[in-house]
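The residues making up each chain are set out below.
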Amino acid sequence: MEYTELSKKFNVGEMVVYPSFGICKITEKEERNGAFYIKLESFSDNSTVLVPEDKASQLGLRHLETKENVEKALSLLSDNSQKISQDWKQRLNENQVLLKEGTLEGSAMVVNHLYRRQKTKVLPTMEKKLYDTALSRLLDESAVVLDKDNREMRRIVFSRLENV
C-alpha cells in the first residue's frame with residue numbers, strides 16, 4: 001500500500017495546525033492495519049495523536065498560515081465595528097463555530113469579540129474558556145510564523161486590541 005497524494009502534502013518534521021490540538025509537529029507517518037496515519041505531537045503539551053491520513057483535511061489538519069495571512073488575522077483585532085450579540089447563547093454558538101473552523105482568522109475574530117465583550121461585562125465561564133482557547137491558538141501560531149516569543153506576541157495582540 002502506498003501513501004496517497006494527501007499524505008504527501010504533509011511532511012515529517014513539519015509544523016501544522018490541528019484544530020482540537022493547536023500547533024503540532026508531524027513526528028512520523030505510520031501504517032496500522034492497512035491504513036496510514038500521521039502522528040502529531042502537540043506544541044503546547046507534548047501530547048500525541050494519530051490522524052488518519054485520508055481524513056486529515058476533513059478533520060481540519062492544515063499547514064501554518066503565511067506571514068501575510070497572520071498579519072491579516074491580526075488586523076482583525078483592531079476592528080471594533082462588529083456588533084456583538086447581547087444573547088450569550090447566540091454569541092457562544094457563533095464563536096464556537098468560528099473556533100471549530102480551525103482558521104487563524106476565526107481565532108482572531110473570537111478573541112476580538114470576547115475581549116470587547118469582557119470590557120463591559122464579565123464573561124460567563126464557557127465564554128471565558130472559549131476566549132482563552134482562541135487567544136492561545138492565535139498567540140501560538142502567530143508567534144511561530146512571525147518568529148516571535150510568546151511574550152512579544154502577546155504584547156502585539158493586546159496593542160492591536162487596544163488600537164494602540
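How each quantity is defined
- In this numbering scheme, every chain counts its residues from 1 along its sequence in written order.
- Given that this is a predicted model, residues contribute local features only at a pLDDT of at least 70 and side-chain atom pairs are listed and counted only at 80 or more, while totals for whole chains, interfaces and linings are drawn from all residues.
- The basis for the side-chain values is all heavy atoms of the structure; hydrogens and waters are excluded.
- Secondary structure counts use DSSP, requiring at least four H or I residues in a row for a helix and at least two E residues in a row for a strand, with both numbered from the N terminus.
- In what follows, residue pairs with any heavy atoms lying within 4.5 Å of each other are defined as contacts.
- In short, Shrake-Rupley with a 1.4 Å probe defines the accessible areas, and a residue's cover is counted only from the protein chains shown.
- His is not counted, nor are the chain ends, whereas Lys and Arg count as positive and Asp and Glu as negative.
- Here the site of a charge means atom NZ of a Lys, CZ of an Arg, CG of an Asp or CD of a Glu.
- Lines are fitted to the C-alpha atoms to define the axes, a helix being fitted only along its stretch in contact, and any angle between axes, read from their N-to-C directions, falls within 0 to 180 degrees.
- Throughout this description, any angle smaller than 35 degrees is read as roughly parallel, any larger than 145 degrees as roughly antiparallel, any in the 65 to 115 degree range as roughly perpendicular, and the remainder as oblique.
- Note: crossing handedness is left-handed where the near helix turns anticlockwise from the far helix by less than a right angle, and right-handed where it turns clockwise.
- Relative accessibility thresholds used throughout: buried, under 20% of the residue-type maximum; exposed, over 50%; partly exposed, between the two (1.4 Å probe, protein chains only).
- When DSSP locates at least two bridges between a pair of strands, those strands are taken to pair.
- Just to be clear on terms, a salt bridge is a Lys or Arg side-chain nitrogen sitting within 4 Å of an Asp or Glu carboxyl oxygen.
- The rule is short: rings of Phe, Tyr and Trp, with Trp giving its six-membered ring, pair when the centres are within 6.5 Å, and they are stacked under 30 degrees, edge-to-face over 60, tilted in between.
- Lys, Arg, Asp and Glu make up the charged group, whereas Ala, Val, Leu, Ile, Met, Phe, Trp, Tyr, Cys and Pro make up the nonpolar group; the residues left over, Gly among them, are polar.

**With respect to the overall build of the chain**
Consideration 1: Broken down by element type, the chain carries six helices and five strands.
Consideration 2: Starting at the N terminus and walking to the C terminus, you meet the elements of the chain as α-β-β-β-β-β-α-α-α-α-α.
Consideration 3: Seen through its principal axes, the chain has C-alpha atoms that stretch 55 × 35 × 25 Å.
Consideration 4: Across the chain, every contact between residues at least 6 apart in sequence was considered, and the portion connecting residues at least 24 apart equals 55%.
Consideration 5: Working note: accessible area of the chain is about 9,300 Å², and carbon and sulfur atoms make up 49% of it.
Consideration 6: A distance of 7 Å separates the average location of the 26 positive side-chain charges in the chain from that of its 26 negative side-chain charges.

**Describing the packing of helix 3 (residues 88-100) against helix 5 (residues 125-146)**
Consideration 1: The N-to-C vectors of helix 3 and helix 5 enclose an angle of 25°; their axes lie 11 Å apart at closest approach. By the angle between their directions, the pair helix 3 and helix 5 is classed as roughly parallel. Helix 3 and helix 5 meet at a crossing whose hand is left-handed. Residues W88, R91, L92, N95, Q96 and L99 of helix 3 form the contact with helix 5, whose participating residues are M126, E127, L130, T133, A134 and R137.

**Re the pairing of strand 4 (residues 48-52)**
Consideration 1: Judged by which residues are buried, strand 4 turns out to be one-sided: V49 and V51 face inward and are buried, whereas T48, L50 and P52, on the alternate face, are not.
Consideration 2: As judged from the five bridges shared by strand 3 (residues 35-42) and strand 4, these two strands associate in the antiparallel manner. Paired with K39 across the two strands is L50, which belongs to strand 4.
Consideration 3: A loop of five residues connects strand 3 with strand 4, the two strands running antiparallel in sequence, and N46 in this loop sits at a positive phi of about 60°.

**Considering unusual backbone geometry**
Consideration 1: With a phi angle near 50°, N33 is a residue other than glycine that sits in the positive phi range.
Consideration 2: Tracing the backbone shows N33 in the loop between strand 2 (22-32) and strand 3.
Consideration 3: Although it is not a glycine, D147 adopts a positive phi angle of roughly 55°.
Consideration 4: On the secondary structure map, D147 appears in the loop between helix 5 and helix 6 (150-161).
Consideration 5: Under the relative-accessibility criterion, D147 is labelled exposed at 70%.

**Concerning the sheet that holds strand 4**
Consideration 1: With antiparallel pairing, the five strands of this open sheet are ordered in space as 4-3-2-1-5. Whereas interior strands pair on both sides, the edge strands pair on one side only; in this sheet they are strand 4 and strand 5 (62-63).
Consideration 2: Most of the contacts of helix 5 go to strand 2, to which it runs at about 85°, and overall it touches strand 1 (15-18), strand 2 and strand 5.

**Focus: the pattern of salt bridges**
Consideration 1: For the coordinates displayed, the defined rule picks out nine salt bridges.
Consideration 2: In this structure, E127 and R91 form a salt bridge, with 2.6 Å as the shortest nitrogen-oxygen distance. With E127 in helix 5 and R91 in helix 3, this residue pair connects regions lying 36 residues apart in the sequence. Both residues of the pair, E127 and R91, count as buried.

**Observations regarding the packing of aromatic side chains**
Consideration 1: By the definition in use, this model includes two aromatic pairs.
Consideration 2: When the ring of Y18 is compared with that of F21, the centres are 6.0 Å apart and the planes differ by 40°; the resulting orientation is tilted.
Consideration 3: What makes Y18 buried here is its relative accessible area of 10%.

**Remarks on the packing of helix 2 (residues 67-75) against helix 5**
Consideration 1: Direction vectors running N to C along helix 2 and helix 5 enclose 140°, while the axes themselves pass 10 Å from each other. As judged from the angle between their axes, helix 2 and helix 5 are oblique. Handedness of the crossing formed by helix 2 with helix 5: left-handed. Of the residues in helix 5, those touching helix 2 at K67, V70, E71 and L74 are L138, S142, V145 and L146.
Consideration 2: In terms of residue class, the contact of helix 2 with helix 5 is made up of five nonpolar, one polar and two charged.

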